[in-house]
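Listed below, chain by chain, are the residues.
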Amino acid sequence: MADVKVDISKVDEILDKHKDKPGPLMPALQELEREFGWLGPDVLIRVAQRFDIPPSKVYGVASFYSLFSLKPKGRFVISICQDAPCHVLGAQAVIKELEKQLGISMGQTTSDGLFTLEITSCLGVCGVGPVIDINGEVFGNLTPAHIPAILARFREKAPAEEVGR
Ligand code: FES
């Protein structure tokens, strides 16, 4: 995967917004996660320095909650709903096909930094399951046969210079 650089001045800007509020750590980490898509070591250390709390505490909070990612995600995050209605309609076969086509397992990112596979809870469109969401675009009524064309479409969208974030 491409080397990931974080703009520390942007980190400071976010931390400044939260540092004088009560209980600033969680909201600051949430905003940093939204901004960068993950929380790297340099970001966590900066949070500890600016909030004057031990790095081990910052890391402990960031690693405890599943809403935080401590690894960079791909350019395209493929979220697969595995709740009961989608499961019954064949989500598992779609997951298997995605893993086969991308050569990775759930929770992993392809080595070119293009795709991350993750499980999500109900996306609110259970009537058209199985469903996947790719960067906010939802695909429903899926079968394994749909997957190659969907992946090809996103590969075409991604110029080499955009890979990695
Ligand atoms: S259960 Fe999959 S979208 Fe609702």
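These notes cover the structure that comes with them. Please read all numbers here as calculations on a predicted model, not as lab measurements.

Looking at the packing of helix 2 (residues 25–36) against helix 3 (residues 41–51)
For any two helices packed against each other, one specifies the inter-axial angle together with the distance between the axes.
Piece 1. Interaxial distance between helix 2 and helix 3 falls to 12 Å at its minimum, and their mutual angle equals 145°. The handedness of the crossing between helix 2 and helix 3 is right-handed. Contacts from L25, A28, L29 and L32 of helix 2 reach helix 3 at V43, L44, V47 and F51.
Piece 2. Among the residues making up the contact of helix 2 with helix 3, the classes are represented as 8 nonpolar, no polar and no charged.

Description of the layout of surface pockets
Piece 1. Considered as a void within the structure, the largest pocket measures approximately 230 Å³ in volume.
Piece 2. Along its surface, the largest pocket is lined by 14 residues, and S69, K71, K73, G107 and E118 are the ones closest to its centre.
Piece 3. A breakdown of the residues in the lining of the largest pocket according to their chemical character gives 5 nonpolar, 6 polar and 3 charged.

About the thresholds
Residues numbered from 1 in each chain as written. Predicted model: local features only at pLDDT ≥ 70, side-chain atom pairs only at ≥ 80, totals over all residues. Heavy atoms only, no water. Axes fitted to C-alpha atoms, helices over the stretch in contact; angles between N-to-C directions. Helix = DSSP H or I, 4+ residues; strand = E, 2+ residues; numbered from the N terminus. Left-handed = near helix turned anticlockwise from the far one by under 90°. Contact = heavy atoms within 4.5 Å. Nonpolar A, V, L, I, M, F, W, Y, C, P; charged D, E, K, R; others polar. 1 Å grid on protein atoms, 1.4 Å probe; cavity = no way out; pocket = protein on both sides within 12 Å on 5 of 7 lines; lining within 4 Å. Points joined across faces, edges and corners; volume = space filled by probe spheres on them.

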